[in-house]
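The residues making up each chain are set out below.
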Amino acid sequence: PVAQRLIEIAGSGEAPVAHLHFKELHFAHANYAFGPDALNTTYNGLGSTLGPNIVPGAFLADGWQQSRIEGCTFSQLAGYAVELRFHCSEVTLTHNEMTVLGAGGVVIGKDLTTTNHSNVIDNNWIHDGGTLFPGTIPIRLGRACNKSVTHNEVSDFYLSGISAGDSLNYDAST
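> Quick question: what am I supposed to make of the overall build of the protein chain here?
Secondary structure summary: the protein chain contains two helices and 19 strands in total. A burial count over the protein chain gives 48% of its 174 residues as buried. On the protein chain, roughly 8000 Å² of surface is accessible, and the fraction owed to carbon and sulfur atoms is 53%.

> Sorry if this is basic, but what is going on with the pattern of salt bridges here?
A side chain with one charge can pair with a side chain of the opposite charge if their charged atoms come near. The full count for this structure, using the stated rule, is two salt bridges. Two residues, Asp62 and Arg85, come together in a salt bridge whose shortest N-O distance is 2.6 Å. Placement of Asp62 in strand 5 (residues 57-62) and of Arg85 in strand 8 (residues 80-86) is noted, with a sequence separation of 23 residues between them. One salt bridge connects Glu70 with Arg68, and the closest N-O pair in it is separated by 3.2 Å.

> Got a minute to help me understand the nonpolar core in this structure?
Phe59, Trp64, Phe74, Val82, Leu84 and Met98 are the most contacted members of the largest nonpolar core, which totals 28 residues. Aside from chain neighbours lying at most four places away, what touches Phe59 is Ile7, Ile9, Phe22, Phe27, Trp64, Ile69, Phe74, Ala81, Val82 and Glu83. With seven residues, the next largest nonpolar core counts Tyr32, Val55, Ala78 and Tyr80 among its residues.

> I'm lost on the pairing of strand 5 in this one. Help?
If a strand is regular, its side chains alternate between the two faces of the sheet. Extensive coverage of strand 5 is indicated by the burial of six of its six residues. For strand 1 (residues 7-10) and strand 5, the ladder comprises four bridges, and the chain directions are parallel. Across the sheet, the residue bridging to Ala10 is Asp62, located in strand 5. Two strands pair when backbone bridges link them, and strand 5 and strand 8 are joined in this way by five bridges, in the parallel orientation. Each bridged residue has a counterpart across the sheet, and for Phe59 the counterpart in strand 8 is Val82.

> Before we go on, may I ask you to explain the sheet that holds strand 10 (residues 97-101) in this structure?
The strands making up a sheet are joined through hydrogen bonds of the backbone, oriented either antiparallel or parallel. Read from one edge of the open sheet, five strands run 4-7-10-14-18, paired in parallel fashion. Every other strand in the sheet has two partners, leaving strand 4 (26-30) and strand 18 (153-155) as the edge strands with one partner each. Averaged over all adjacent pairs, the angle separating strand axes in this sheet is 5°, with direction ignored.

> Explain the packing of aromatic side chains here, please?
The relation between two aromatic rings is expressed through the spacing of the ring centres and the mutual angle of the planes. In this structure the tally under the stated criterion is eight aromatic pairs. For the ring pair Phe22 and Phe27, a centre distance of 6.4 Å and an interplane angle of 65° mean the geometry is edge-to-face. As far as the burial class goes, Phe22 and Phe27 line up, both buried. Its relative accessible area of 9% is what places Phe27 among the buried residues. Site record: aromatic cluster; members linked through ring pairs are Phe22, Phe27, Phe59, Trp64 and Phe74.

> Help me understand the sheet that holds strand 19 (residues 162-164) in this model?
The six strands are arranged 1-5-8-11-15-19 in an open sheet whose pairing can be described as parallel. Of all the strands in the sheet, the pair left with one neighbour each is strand 1 and strand 19. Averaged over all neighbouring strand pairs, the angle between strand axes comes to 10°, with direction disregarded. Here three bridges tie strand 8 to strand 11 (residues 106-108), and the two strands are oriented parallel to one another. Within strand 11, the position partnered with Val82 by the bridge is Val106.

> Any chance you could explain unusual backbone geometry here in plain terms?
As a rule of thumb, non-glycine residues mostly have phi less than zero, and peptide bonds are mostly trans rather than cis. Positive phi, close to 55°, is recorded for Glu24, a residue that is not glycine. Mapped onto the elements of the fold, Glu24 is located in the loop between strand 3 (21-23) and strand 4. Owing to a relative accessible area of 63%, Glu24 belongs among the exposed residues under this scheme.

About the criteria used
Residues numbered from 1 in each chain as written. Predicted model: local features only at pLDDT ≥ 70, side-chain atom pairs only at ≥ 80, totals over all residues. Heavy atoms only, no water. Helix = DSSP H or I, 4+ residues; strand = E, 2+ residues; numbered from the N terminus. Buried < 20%, exposed > 50% of the residue type's maximum accessible area, 1.4 Å probe, protein only. Areas by Shrake-Rupley, 256 points an atom, 1.4 Å probe, with all protein chains shown as cover. Salt bridge = Lys/Arg side-chain N within 4 Å of Asp/Glu carboxyl O. Core = buried A, V, L, I, M, F, W, Y, C linked by side-chain atoms within 4.5 Å. Contact = heavy atoms within 4.5 Å. Pairing = 2+ DSSP bridges. Axes fitted to C-alpha atoms, helices over the stretch in contact; angles between N-to-C directions. Phe/Tyr/Trp six-rings, centres within 6.5 Å; stacked < 30°, edge-to-face > 60°.

Laid out in structure tokens, this is it:
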């Protein structure tokens, strides 16, 4: 695979993309290109606790609102499956399978300044991940509020299952 991203939704806080739904699709075969400073961002060449801030999602959304990913399969991805990065609200991820992942399944809110809120991660099966970046987490909720994570099955990762409200440094968390 050559592509790092399979889908990119490029909205913003001022001009969001809304009511865009993905149902029963298969997203597969995304790569992660190690850059020239990969040794500075990884541990022994592969993964660290910095992984969530470095590794991209194959499905990336900024400024995405009132939308869904439902019944989809994400597999054989070198990074995260889904990344809701900036200004995403009222997005529901439900009944998806995320497997054979180089990093984790879902990461919401990577930065310290923007708000992601009212997102739902419900009834997903996230398994067999962290193979390239063992320090990554299946479900990572960074800077986000009013989030709901329910009835997910998480297995076969190297670290914890769910991380909520962290900033991966000594700054205040949510």
